[in-house]
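# Examining the three-dimensional arrangement
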Amino acid sequence: MKEFEQALQRARSLVNAPAPEPSAPPADGPPTIKGVTGRPFMAEPKPEFTANPAREATSLPLLDADMDQFRASFGADNQGGRNIDGAFRLLRTQILASMKDRQGQVLGITSAGPGAGKSFTAIHLAMACARRSEQHAVLADFDFRRPSIASYLAAVDFPSSLGYFRGDGPLDQFLTRNEGGNLRYLLTDRSSELSAEYLASSKMDAALTELTARSKDTLVIADLPPLMGCDDTLAIMPKLDGLVIVVAAGESSFGDVEQAVAQVPPEKVVATVLNKVDGTSSTYDYY
Ligand SMILES: Nc1ncnc2c1ncn2[C@@H]1O[C@H](COP(=O)(O)OP(=O)(O)O)[C@@H](O)[C@H]1O
Ligand SMILES: [Mg+2]
C-alpha cells in the first residue's frame, strides 16, 4: 500500500509538472482557453455538423435497463456504509466546473490497465449528472475492446453503437435515453477489432459534434479502453476536452500508472480517481 501511495504521488507530480510555454497561436488560429490547471488549453476545432439534427431526446427509445440493480450492487448502501452516490455527486460538481472552465464537452474515462473501474466511474458520473434536471449527459461505451456498460446496467434490446461506426444508419438510430430524457446512452454490445480505427474515425468526430450540438450543457462521458497495451485511447485523445484517470488501489502497479500518465497530455487531465481504496471506495483529486 505504501508503494502504491508513492506511485500515485509520482503520478500526480507528473501531471502537475509545468508544461512548456506554447508558442503564440496565429491570429486566426483556435482560441486558447485556460484550464483549471492554469495551463493553456488549445480547443480542437470541431467539424461542422451537417447531418440531420438529432431527434429531441424524449423521442428516443427508453433504455430497457435495471438502474436499481446497479445501485443496489454498487450504490449508496452496498459499500460498507460508504456513500458512493454522494462521492460521485461531488466529483460531478468538480468535473462540470472544470469542463465549463475549459469550454469542453467531451470527457474521456481511462486508466493504466483493465479492471481499474473505468466503467464503474463512467456510469456513476453519468447518473450523478442526470440528477440535475438542467444538465444533459451522454454515457458512451467507447471501450470497444471490452464494452461492459450494457451488462452492468442489465440493458436488453438496445441498438449497438457498432452499427453506427459500420455506417448502418444515422447516430440517433443508436441512441437510447433515461426516463427524464436528460441522459442519453450510446451502448456497445460486443468487442470489435476495429477499436482504434473507430476511435480515430471521422464518424467519431461527427458523433461527438452531433451529441454536443443541442446544448452547451451537454457532457459526453466516454468510457475508453485502458492506456497500456494498446494505442486506442491515444487515437481519440485529440477529440477529448478532458480526461479522468482511474487508478485502482493495489491493482495498478507503480510502473503502469507512471507510464500511463506520461502518455497523456497533462492539460487534458481534469481529475484522477483513486478507486477501490480498502477494497471498495473511491477518492478523488482535481486539477
Ligand atoms: N469502487 C468499487 N467498489 C467495488 N467494486 C468495484 C469498484 N470499482 C470497480 N469495481 C468492480 O471492479 C471490476 C472492474 O470494474 P470496471 O469498472 O469494469 O473496470 P474497467 O472498466 O476499468 O475495466 C468490476 O467487477 C466492478 O464491479
Ligand atoms: Mg470497462
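Here goes a summary of the coordinates provided. (Residues numbered from 1 in each chain as written. Chains lettered and ligands numbered in written order. Predicted model: local features only at pLDDT ≥ 70, side-chain atom pairs only at ≥ 80, totals over all residues.)

Now for the nonpolar core. Counting 70 residues, the largest nonpolar core has Ala 126, Leu 139, Val 220 and Ile 221 as the members making the most contacts within it. Ranked by residues supplied to this core, first place goes to helix α4 (residues 118-130) with nine residues. In contact with Ala 126, not counting residues within four places along its chain, are Ala 137, Leu 139, Leu 183 and Ile 221. (Core = buried A, V, L, I, M, F, W, Y, C linked by C-beta atoms within 7 Å. Buried ≥ 20, exposed ≤ 12 C-beta atoms within 10 Å, placed from the backbone. Helix = DSSP H or I, 4+ residues; strand = E, 2+ residues; numbered from the N terminus. Contact = placed C-beta atoms within 7 Å.)

Bringing the pairing of strand β9 (residues 269-277) into the picture now. A large share of β9 lies buried, amounting to eight of its nine residues. Taken together, the six bridges between strand β8 (residues 242-248) and β9 define a ladder with parallel strand orientation. Its bridge partner being in β9, Leu 243 is matched across the sheet by Val 269. (Pairing = 2+ DSSP bridges.)

Where helix α3 (residues 84-101) contacts α4, the axes come no closer than 9 Å and their chain directions differ by 75 degrees. The orientation of α3 with respect to α4, classified from their angle, is roughly perpendicular. Of α4, the residues touching α3 (which contributes Ile 84, Phe 88, Arg 89, Leu 91 and Arg 92) are His 124, Leu 125, Ala 128 and Cys 129. Considered class by class, the residues forming the contact of α3 with α4 number six nonpolar, one polar and two charged. (Axes fitted to C-alpha atoms, helices over the stretch in contact; angles between N-to-C directions. Parallel < 35°, antiparallel > 145°, perpendicular 65-115°, else oblique. Nonpolar A, V, L, I, M, F, W, Y, C, P; charged D, E, K, R; others polar.)

To continue, consider unusual backbone geometry. If a residue is not glycine, its phi is most likely negative; likewise, a peptide bond is most likely trans. A positive phi is found at Gln 103, a non-glycine position, where the angle reads about 50 degrees. Residue placement: Gln 103 occurs in the loop between α3 and β3 (106-111).

It is worth spelling out α3 at this point. The end-to-end C-alpha distance of α3, which contains 18 residues, comes to 26 Å, matching closely the 26 Å that a straight helix rising 1.5 Å per residue would cover. Residues of α3 that are buried: Phe 88, Leu 91, Arg 92, Ile 95, Leu 96 and Ser 98. Seen from one end, α3 has its buried residues packed into an arc of 160 degrees, which puts them on one side. Of the residues in α3, the exposed ones pointing more than 90 degrees away from the buried face are Gly 86 and Ala 97. Two residues or fewer after α3 comes Gln 103, characterised by a positive phi angle close to 50 degrees. (Expected span 1.5 Å × (residues − 1). Arc of directions from axis to C-beta.)

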